[in-house]
Amino acid sequence: MATYNLKVNGKDQQVDVSPSTPLLWVLRDHLQLVGTKFGCGIAQCGACTIHIEGIAVRSCQLPVSAVGEQKITTIEGLSENGDHPVQKAWIEHDVPQCGYCQAGQIMSATSLLSQNPNPSDIEIDQAMNGNICRCGTYTRIKKAIKTAANSK
Amino acid sequence: MATVKTTLGRRSFFKSSVLAGGGMMLSFSWFAGCEIPNRKEAAIIEMPEEWFELNSYIKIGDNGVVTLFNPNPEFGQNVKTSMPMILADELDVDWKNVIVEQANFYPKRYDRQFTGGSQSIRQGWNILRTAGATAKRMLVTAAAQHWQVPVNEVTAKAGILYHTATNKEITYGEIASLAAIQPIPEEVELKEIKDFKIIGTSKKNVAGTAIVTGKPMFGIDYQAEGMLIAMIIHPPAFGMKLKKFDATKAKSMPGIKDVFKIDTLKSDYARNYFDTTTFTELITVVGNSTWEVMQAKKEVVVDWEQAPEHTFQMDARGDKIAVHVPAGLESTIVHQTKMNQFNKNPGRILRIDGDPEKAFKNAAKILERTYSAPFLAHNTMEPVNCFANVSAEKAELYGPIQAPEFIIGTLSERLKLPKEKIQINLARMGGGFGLRAYGHHMIEAAVISQEMKAPIKMVYTREDDMSYGIYRPSYTATYKAAMDENNNLIAFHVKAGGIPESPLFPNRFPAGAIDNYLAEAWEIPSNITIGAFRAPRSNFIAGAEQSFLDELAEELGKDPIEFRLDLLERAKNNPVGENNDYDPERYAGVIKLVKDKSDWDNNSDKSRGFSAYFCHNTYVAQVLDLEIKNDKPMVDNVYAAVDCGIVINKDAAKNMGEGAIVDGIGNSLYGEQVFKDGAPQKLNFDRYQLIRMSEAPKSIEVHFVENEHNPTGMGEPLFPPIFAAMANALYRATGQRHYQQPFIPKKKIIG
């Protein structure tokens, strides 16, 4: 066990866990931030996607000991009132079905748009290919990303 | 205007004894399941000081805010929006004043709380309309009483009651207290279809905002005071069972509370159809946090042994039957050989029209093709999980479940608690696809909690989930068509079977359209557990049948669409047999619609596949266009035409259809679970390939036939036919027919 001081969604958080604990489980079990989802545990499905310094990262494969001082953002901290342009676009296109993968999809999409404000279809495919949606909402996700890109 | 007796769905009118304060039914409202339809409205919806319950589905606040309860479990099919839309329309309220709440499992209050078979809307239709109309009638009666005017002079519109002669009006909220104490009318009038205001429009998913902001809503998100985390260890292969285990090291690891064996279903228990459970003896590891439990799980040393053949008792609608489970460690390669053998033997004849034997004997030409498909895992994105808190007096469960009514009795028997002492609360499910019709996880969680005397949340790893079973079965079907010397189709023969069930529907199209017809089925027993998977059986046989009809049309020199329309014309004008399980006119209707929308006649240069199917009460026809790029099929456009009667929530229905198409394309190309010596070989998404964004169609159009038939479901019917639309388009693109699913195995793993 070791103590870690994490910067999560703009707040300082202290946790006492083993160093190998993936950030996913620190968020979900210790900080009650359950918007970040467990899907596969091997960084193949993208349900656990969060931002480290604004970049999309799979939290299920990131040990808490590797995070250090870096800023962590989860779906809960993406915007104050759920009004990030990507979240608004998701509502506009009524993207979700079951909804389980969508936090991860949104975190990947926001990271993409922050680096590439007007991605092409192929760039969207590349950035989003790590996020599985078992319900098959991909066409709507792509439309929502384009809407969000155009709204900036 | 239709008048219905309110005895239909009488349970709807059971009222709780506590009326005021909004406290009723909210005893388990841990994260307030309320969802406000539209974020913009959220700011202006103010909670009332007092709620008045009109019936189980509807309560109205003194300020006019209306809470509608969604009775059915939600797994992404959006019943949480569409079922309340039906209530709201008949109640005649403004959607922006509606709050939707997920009902928990409460069989005394709700008529049918089962999500499956694309039946929620179809079977909920009359119940919900009646519940809405009854509440409206009670409001009208109350207003008439209040104004001392005849009831038939009071009208209602969008939450306001009017008496035009005296120029009076009053809101639902103002009269709700008086309405709630009105007697339940014996019969009520339902709206005419033309008067629907909400049904047939597009309303946003009521859970949309909660989803995009990451609010807790799934079983796996549940937190409770003092809650422990539990995981299970199950045998690594079908046909294996626990011999012994050593948990000395695991128990000494940080955060671990206990490691022990559990028995879920006792050997003398007579199971119901939804009690499918693969392993009844499991090891459980219980601790403080998920990661600690995961680590300890790896350190449990287990000896497994082969399970002998055995039987269990099944309660088949009152009759107790013994179900035989064979011994042995099965492999995919052996399955394939066995299926080929069985398919050569005579099967059980399920339908025979005319004299197929003679027709085949006299045929000038015979086309024969065999199709097969592997086992599939459901792979819901949310792994199996359940929260349970079981004490000596009562049990509380919260988790993903499609069919709570089928697990409550099992829980009662296993926990030795009366059903009334067991509360099943309905979490939003991170996918279902049939898997969550089976409640073994609720039994497992409850037994662990009972043993630990503590609240626990049991969670499967992805590997536990993918290797647990309850798969879509593996199937094989052989189709044969006989043609005379003038190249006319004279006989049709389908023989289909699988492990462990046949996918055959003997009375479906093209039965009824061909004079000489034979349908035969066969089955091979197995110890691999199977269960409902999005459009059970149809999800294979549609693809086989529609691929064969495509090849047959080519053999007959006919356009694939005209060929189907000719057969349907025959079935309509002069049907063969009497039990034909489709309406040829509605079937032809979707084919004509998709022909028109895809501009079929002017696109013969494209690599496009056509397919159509009728299952789960809904008619579907599809056209799929693809191109081969870098040796991979890239789907450009999919056009779908659907006849599901009245469409409740148009854009949401389209979303369902799009999802089913993407799911079907993915499974047709990649989906398979493979076995070697009983062990599933694909345990996670590194080897079990699911469709990803770059492989999804560029565009999908879903069109609806407009009619006034009662609504039918959308969750399943668009899934089965797309397998053939894909295969038929691949043929146009490559010149090769595809008979074995998956069409593109990522890594051929032969067991």
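Residues numbered from 1 in each chain as written. Chains lettered and ligands numbered in written order. Predicted model: local features only at pLDDT ≥ 70, side-chain atom pairs only at ≥ 80, totals over all residues. Heavy atoms only, no water.

## Some points on the overall build of chain A
Part 1 of the argument: Within chain A, the regular secondary structure consists of 5 helices and 5 strands.
Part 2 of the argument: Walking chain A from its N terminus toward its C terminus, one meets helices and strands in the order β-β-α-β-β-β-α-α-α-α.
Part 3 of the argument: Relative to the compact-globule value of 15 Å for 152 residues, chain A shows a C-alpha radius of gyration of 15 Å, a close match.
Part 4 of the argument: Its C-alpha atoms put chain A at 45 × 30 × 25 Å along the principal axes.
Part 5 of the argument: Taking all 152 residues of chain A together, the buried fraction comes to 59%.
Part 6 of the argument: In chain A, once contacts between residues fewer than 6 apart in sequence are set aside, the share between residues at least 24 apart is 55%.
Part 7 of the argument: When the accessible area of chain A is evaluated, it comes to approximately 5,600 Å², of which 47% is carbon and sulfur surface. (Helix = DSSP H or I, 4+ residues; strand = E, 2+ residues; numbered from the N terminus. Rg over C-alpha atoms; globule rule 2.2 N^0.38 Å. Buried < 20%, exposed > 50% of the residue type's maximum accessible area, 1.4 Å probe, protein only. Contact = heavy atoms within 4.5 Å. Areas by Shrake-Rupley, 256 points an atom, 1.4 Å probe, with all protein chains shown as cover.)

## Examining the pairing of strand E21 (residues 422-426) of chain B
Residue and element names in this part refer to chain B.
Part 1 of the argument: The element E21 is extensively covered by neighbouring structure, given that 4 of its 5 residues are classed as buried.
Part 2 of the argument: For strand E20 (residues 395-399) and E21, the ladder comprises 5 bridges, and the chain directions are parallel. Bridge assignment links glycine 399 to a residue of E21, and that residue is leucine 426.
Part 3 of the argument: With respect to chirality, the unit in which E20 leads through helix H10 (residues 408-415) into the neighbouring parallel E21 is right-handed. (Pairing = 2+ DSSP bridges. Right-handed = clockwise from strand over helix to strand, strands pointing away.)

## Notes on helix H8 (residues 332-344) of chain B
Part 1 of the argument: Across its 13 residues, H8 of chain B extends 19 Å between first and last C-alpha, which sits within 8% of the 18 Å expected from 1.5 Å per residue.
Part 2 of the argument: On its buried side, H8 of chain B packs onto strand E18 (365-373), strand E23 (474-483), strand E24 (489-499), strand E25 (516-523) and strand E29 (675-676) of chain B. (Expected span 1.5 Å × (residues − 1).)

## Let's talk about the sheet that holds strand E13 (residues 281-287) of chain B
All names here are of chain B.
Part 1 of the argument: Across the sheet, which stays open at both edges, the 7 strands sit in the order E12-E13-E10-E22-E19-E20-E21 with mixed pairing between neighbours. Of all the strands in the sheet, the pair left with one neighbour each is strand E12 (256-263) and E21. Averaged over neighbouring strand pairs, the angle between their axes works out to 20 degrees when direction is ignored.
Part 2 of the argument: Here 4 bridges tie strand E19 (residues 385-390) to E20, and the two strands are oriented antiparallel to one another. Across the sheet, alanine 388 pairs through a bridge with leucine 397, a residue of E20.
Part 3 of the argument: In the packing of helix H7 (residues 290-298) onto the sheet, contacts are made with strand E10 (228-233), E12 and E13, and the angle to E10 comes to roughly 30 degrees. (Axes fitted to C-alpha atoms, helices over the stretch in contact; angles between N-to-C directions.)

## Thoughts on the packing of aromatic side chains
Residue and element names in this part refer to chain B.
Part 1 of the argument: Applying the stated criterion across every chain yields a total of 35 aromatic pairs over all chains.
Part 2 of the argument: Arranged with centres 5.2 Å apart and planes meeting at 35 degrees, the rings of tyrosine 222 and tyrosine 398 form a pair that is tilted. With tyrosine 222 in the loop between helix H5 (208-212) and E10 and tyrosine 398 in strand E20, this residue pair connects regions lying 176 residues apart in the sequence. Tyrosine 398 shares its class with tyrosine 222; the two are buried.
Part 3 of the argument: Every member of this aromatic cluster is reached through a ring pair, and the members are Phe238, Phe279, Phe375, Tyr460, Tyr468, Tyr471 and Phe675.
Part 4 of the argument: A cation over an aromatic ring shows up here: lysine 682 above the ring of tyrosine 688, its NZ or CZ 5.9 Å from the ring centre. (Phe/Tyr/Trp six-rings, centres within 6.5 Å; stacked < 30°, edge-to-face > 60°. Lys NZ or Arg CZ within 6 Å of the ring centre and 35° of its normal.)

## Some words on the confidence of the model for chain B
Part 1 of the argument: When pLDDT is averaged along chain B, the result is 93; 94% of the residues meet or exceed 70.
Part 2 of the argument: Low pLDDT, under 50, characterises residues 747-751 of chain B; the predicted model gives this stretch 11 contacts beyond four residues in sequence or across chains. (pLDDT = per-residue confidence, 0-100.)

## Details of the side chain of aspartate 663 of chain B
Part 1 of the argument: Inspection of the secondary structure assignment puts aspartate 663 of chain B in helix H16 (residues 650-669).
Part 2 of the argument: On the basis of relative accessibility, which here comes to 4%, the residue aspartate 663 of chain B falls in the buried class.
Part 3 of the argument: A polar atom in the side chain of aspartate 663 of chain B sits 2.9 Å from the side chain of arginine 134 of chain A. (Polar contact = N/O pair within 3.5 Å; in protein donor to acceptor, adjacent residues only side chain to side chain.)

## Some words on the interface of chain A and chain B
Part 1 of the argument: Across the contact, 54 residues belong to chain A and 60 residues belong to chain B.
Part 2 of the argument: In total, about 4,800 Å² of surface goes out of reach between chain A and chain B, with carbon and sulfur atoms giving 57% of it.
Part 3 of the argument: When the buried area of chain A at its contact with chain B is split by residue, Gln97, Arg134 and Tyr138 of chain A rank highest and sum to 17% of it.
Part 4 of the argument: Viewed at the interface, chain B and chain A are joined by 5 salt bridges.
Part 5 of the argument: With a shortest N-O distance of 3.2 Å, aspartate 221 of chain B and arginine 28 of chain A are connected by a salt bridge.
Part 6 of the argument: Joining chain A to chain B, the criterion identifies 25 residue pairs in polar contact (both at pLDDT 80 or more).
Part 7 of the argument: Only helix H1 (23-30), helix H2 (85-92), helix H3 (102-115), helix H4 (121-128) and helix H5 (138-151) of chain A provide two or more residues apiece to the side of chain A that touches chain B.
Part 8 of the argument: When its residues are assigned to classes, the side of chain A that touches chain B shows 22 nonpolar, 21 polar and 11 charged. (Buried area = accessible area lost by both parts, 1.4 Å probe. Salt bridge = Lys/Arg side-chain N within 4 Å of Asp/Glu carboxyl O. Nonpolar A, V, L, I, M, F, W, Y, C, P; charged D, E, K, R; others polar.)

## What to know about the UniProt feature "domain: Aldehyde oxidase/xanthine dehydrogenase a/b hammerhead" (unreviewed entry) in chain B
Part 1 of the argument: The feature "domain: Aldehyde oxidase/xanthine dehydrogenase a/b hammerhead" (unreviewed entry), as given by UniProt, occupies residues 213-308 of chain B in the numbering adopted here.
Part 2 of the argument: The distance from the first to the last C-alpha atom of residues 213-308 of chain B is 50 Å, and the span holds 14% helix and 35% strand. (UniProt positions renumbered as here; feature names shortened; annotations may be inferred.)

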